[in-house]
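Survey of secondary and tertiary structure
The chain contents come next:
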Amino acid sequence: MSTVHQDTGEPEAEVPDDPPTNRVYRRGDDSAVLRMSEAECAEIGNDPTTDEDDERVLLNMGPSHPSTHGVLRLMLEMEGETVLRSKPVVGYLHTGMEKQAEQLTYIQGCTNVTRMDYASPLFTELAFSLATEKLLGIEVPERATWIRMLMCELNRMASHLLFMATNGMDLGAVGMMIYGWREREEVLRFLEKVTGLRMNHNYIRPGGVAADLPDGWEADIERLLKLIPPRLEEYDILMTGQPIWRQRLQGVGVLNADEALALSATGPILRSTGLAWDLRRDDPYLAYAEVDFDVIVGSYGDCYDRYAIRLNEIRESMWIVEQILDNMPRGDYRVQDKKITPPPRVRIDQSMEALIHHFKIFTEGYKVPEGETYAAVESPRGELGVYMVSDGTSKPYRMHVRGPSFINVQTMPHLMQNGLIADGVAIISSIDPIMGEVDR
Amino acid sequence: MSDEAAAAEEAEPEADPPEQVETTTRYGALVEDSLGDTVLHTPVADYLDTASAAHGDGFALLVDLTAVDFLTYAGTRRLPDGVDPQRFEIVTSLFNTQSRERLRMRVQVPAEEPTVASMFDLWPGSEILEREVFDLFGIEFTDHPDMSRVLMPEDWVGHPLRKDYSVSSIPVQFKSASNVR
Amino acid sequence: MHLPGVGETGEILDDGLEGLEHNFLTGSVENLVRWARARSLWPATFGLACCAIEMMAAGTAHYDLARYGMEVFRASPRQADLMIVAGRVSQKVAPVLRQVYDQMMEPKWVISMGVCASSGGMFNNYAIVQGVDQIVPVDVYAPGCPPGPETLMHAIFTLHEQIQTGELLRRREASGSGAGIMIEQRDGQTAGLSIGS
């Protein structure tokens, strides 16, 4: 256990005093978060006054390391194998997407935001489109809404299968990597059939979706729904009941509900602590109020709960997809407003007006009325929101994406405190960060 | 425009003449309706107090904390009376976990003194969000546990998301490639 | 054809090398070295963004890089020959990339996977290095955003072929840095197939 130094921060009257909820409010050396700059860390190595018996090491993990979670760098203050404090260093994938969004029109905006969370790109496109539609004041046709729901739930399944695969591999079950990707390929095949791309689809656009579902999509969905459940049972056999898996994940990286809320963690991390918080239920968007599904909640707030929540969310998503299959309405797949929706290519040869609209939409872009708004969706990682400010021109004035992984990364030091470094790998994996969304 | 006492609930819309805009206050800040969202406009000096009042009223989840630079805003800034438009604006989004209500706070921050109170003691989750705002806009948060850059390298000069910082794109000439296998 | 038996060594020595042509493979040392280099490429993990997901997909069951001996992505650059730069290179990660490249042992090859690594892609701004060839010499550029596993494999086969024929080293000498081979995108070719249904 580390020696407790004098608390350097000023205590606030609002902070509760009992130890379990207090640790996330700590500012000084007794906090789980290592708040040192790189220069200070480099100095520690050169400090001649450190006691030789002191086993404390500052270890650097990343940004290039075999865990498949992208360019995350962790600075760990360790005593032997135990992690005392840690600091996640992010920014290695900072792409300037928010600045780039100010240079692109609204119809190009989705190509930009889709590359943030590259494991589930349709969610960011959806949030961007919802924010733009709020500013435009248009209403999307019912069929477009249901198509969006279908594609997003499939994307949630693909993202959670990716989590299963990488989580398994990080803990040593390398075969799980192969199994998880095998199922993911099936889902990606359907997504490719509908959107044309396996990833970064640019399919959900302001006004609706880019193209209607192709003929025979019902048969493809039914095939998927028959294929995946027995495979999920294989995962249950391979992982859920297995003693090694349980020992590695149960009791590791425990967080309680107050701490998670204080750290603004959302998604499976918050649900694993026992709080049933899911935007599809608590702040419904699209047509989620009309479909029936359960919100999966954990009880212990550990890595095992987060794994189990995501596994069962795949099953819930399949149940939602089945309901969408039964209830898909007919109609337009995008709003029929000539100023926003480009005309069909055939019309361009027939009508001058259609040609002009096509030209204006793709070169200058449509103008969005002034205003500011926030729209959020429940992505596989948590609450994914887009805050958009428009100044009446055809490009957003300010587009900010509330990336769930960016904020969930803050829970890392608290989860890793006093755990082993091997548990650290399990914890990073259970948070399931996607660095594109963290760094934007 | 009448200002009610602090912490009043939202007043019912009365049959007023259209020019007179209803201003109500909540937690001591002016309330505005923005496309269906409730927005509180609070001056910089009262920001922490308003946030504390909201936190005490059940807004346990800090959803987002970001900033906007209005230097090159092409439209007309429409703010309620009594709110002075400044160059920067801090936008804080909150969520009430009991009543499922969303709230947004907008604070005008002057360019000459870009300093705002930190929300760390109410919501520790604001730590990384405030670091991002500092990194990309240069707005400092007083009493923040670690006011350093998070996305850009530590020795970077300049604040990229400010409107006077250029996108720094390089001119590109598209040529067709021969010898493509 | 006469195959010498075990007891016939005396005869063989008397015959000289004429009876043994079917037991020897002859060739030049250069060809042998090129064959070994091409067929035992181990990639180093440098997956940065979306392209890393497609790179992982290329390594898993459906596209299977293991049949080319490449499914072991080495974490240690000392054990790797090939660096596949998969994803957008930001200003912060550029020195890290150079350090990992420098730690790799010769001979080493670089595939720039995706448009962001090849030229900065759609992100022409302050944060992204406009092409990883500004940092390391690139041998094959694979276009796509992201290039699917089929395009990545086309890039790998092109690299294999170029190493095998020696063309790569000639191109490197001519350019002074990487070979700079550009390939076309080849995705969507196996979308119709399905396994395990």
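All of the points below concern the structure found in this document. All figures in this text were calculated on a predicted structure; none of them were measured in a lab.

Moving on, we come to the sheet that holds strand β2 (residues 82-86) of chain C. Residues and elements named next belong to chain C. If you walk across this open sheet you meet the five strands as β1-β2-β3-β4-β5, and the pairing is parallel. Taken across any chain shown, the strands that pair with only one partner, and hence form the sheet edges, are β1 (43-44) and β5 (181-182). Relative to β2, β1 is paired through two bridges, and the arrangement is parallel. Bridging from a neighbouring strand, Pro43 pairs with Leu82 of β2. Packing of helix α6 (residues 149-165) onto the sheet brings it into contact with β2, β3 (109-113), β4 (140-142) and β5, and relative to β3 it is tilted by some 155°.

Leu154 and Tyr307 of chain A together with Ile90 of chain B are the most contacted members of the largest nonpolar core, which totals 198 residues. Take this core: its biggest share by element is 14 residues, from helix α6 (residues 142-170) of chain A. Excluding anything up to four places from it in sequence, Ile90 of chain B contacts Tyr47, Leu65, Thr66, Ala67, Met105, Arg106, Val107, Val109, Val116, Val133, Ile139 and Phe141 of chain B. Core analysis: the second largest hydrophobic core is formed by 26 residues, Met70, Leu152, Ala179 and Ile183 of chain C among them.

Right, let's get into the interface of chain C and chain B. Tallying the contact residues gives 14 residues for chain C and 18 residues for chain B. Carbon and sulfur atoms make up 59% of the area that chain C and chain B hide from each other, which totals about 1,300 Å². Counting the surface chain C buries against chain B, the share from its top three residues, Lys92, Asn124 and Tyr126 of chain C, is 50%. For the pair chain C and chain B, the number of links is zero salt bridges. For the interface between chain C and chain B, the tally reads three residue pairs in polar contact (both at pLDDT 80 or more). Contributing elements (two or more residues each) for the side of chain C that touches chain B: α6 and β5 of chain C. Ranked by residue count, the leading element in the side of chain C that touches chain B is α6 of chain C, at four residues. The class makeup of the residues in the side of chain C that touches chain B is four nonpolar, seven polar and three charged.

Residues and elements named next belong to chain A. All told, the structure shown has 13 aromatic pairs over all chains when counted by the stated rule. The interplanar angle of 50° and the centroid separation of 5.9 Å between the aromatic rings of Tyr304 and Tyr307 together place this pair among those described as tilted. Here the residue Tyr304 and the residue Tyr307 both occupy positions in helix α13 (residues 303-327), the gap between them amounting to three residues, near one helical turn. Since its relative accessible area comes to 9%, Tyr304 is described here as buried. For Tyr307, a relative accessible area of 0% translates into the label buried.

Within the secondary structure, Ile434 of chain A is located in the loop between α18 (421-431) and α19 (435-439). Between the C-alpha atoms of Ile434 of chain A and Thr166 of chain A, which are 268 residues apart in sequence, the distance is 12 Å.

The next subject is the interface of chain B and chain A. Each partner contributes to the interface: chain B provides 59 residues, whereas chain A provides 54 residues. Between chain B and chain A, the buried area comes to about 4,800 Å², and carbon and sulfur atoms account for 53% of it. Along the contact surface separating chain B from chain A lie nine salt bridges. A salt bridge links Lys134 of chain A to Asp37 of chain B, with the nearest nitrogen and oxygen atoms 3.4 Å apart. For the pair chain B and chain A, the interface holds 31 residue pairs in polar contact (both at pLDDT 80 or more). Put simply, the parts of the chain that give the side of chain B that touches chain A at least two residues each are β3 (37-42), α1 (47-56), β4 (61-69), β5 (88-95), β6 (102-109) and α2 (126-137) of chain B. Ranked by residues supplied to the side of chain B that touches chain A, first place goes to β4 of chain B with eight residues.

All names here are of chain A. The geometry of α13 relative to α18 is characterised by a closest axis approach of 10 Å and an angle of 35° between their N-to-C directions. By crossing handedness, the relation of α13 to α18 is classed as left-handed. The segment α13 lies against α18, with Cys303, Arg306 and Arg310 engaging Ala426, Ile427, Ser430 and Ile431. Split into classes, the residues belonging to the contact of α13 with α18 amount to four nonpolar, one polar and two charged.

Calculation notes
- Residues numbered from 1 in each chain as written.
- Chains lettered and ligands numbered in written order.
- Predicted model: local features only at pLDDT ≥ 70, side-chain atom pairs only at ≥ 80, totals over all residues.
- Heavy atoms only, no water.
- Pairing = 2+ DSSP bridges.
- Helix = DSSP H or I, 4+ residues; strand = E, 2+ residues; numbered from the N terminus.
- Contact = heavy atoms within 4.5 Å.
- Axes fitted to C-alpha atoms, helices over the stretch in contact; angles between N-to-C directions.
- Core = buried A, V, L, I, M, F, W, Y, C linked by side-chain atoms within 4.5 Å.
- Buried < 20%, exposed > 50% of the residue type's maximum accessible area, 1.4 Å probe, protein only.
- Buried area = accessible area lost by both parts, 1.4 Å probe.
- Salt bridge = Lys/Arg side-chain N within 4 Å of Asp/Glu carboxyl O.
- Polar contact = N/O pair within 3.5 Å; in protein donor to acceptor, adjacent residues only side chain to side chain.
- Nonpolar A, V, L, I, M, F, W, Y, C, P; charged D, E, K, R; others polar.
- Phe/Tyr/Trp six-rings, centres within 6.5 Å; stacked < 30°, edge-to-face > 60°.
- Left-handed = near helix turned anticlockwise from the far one by under 90°.

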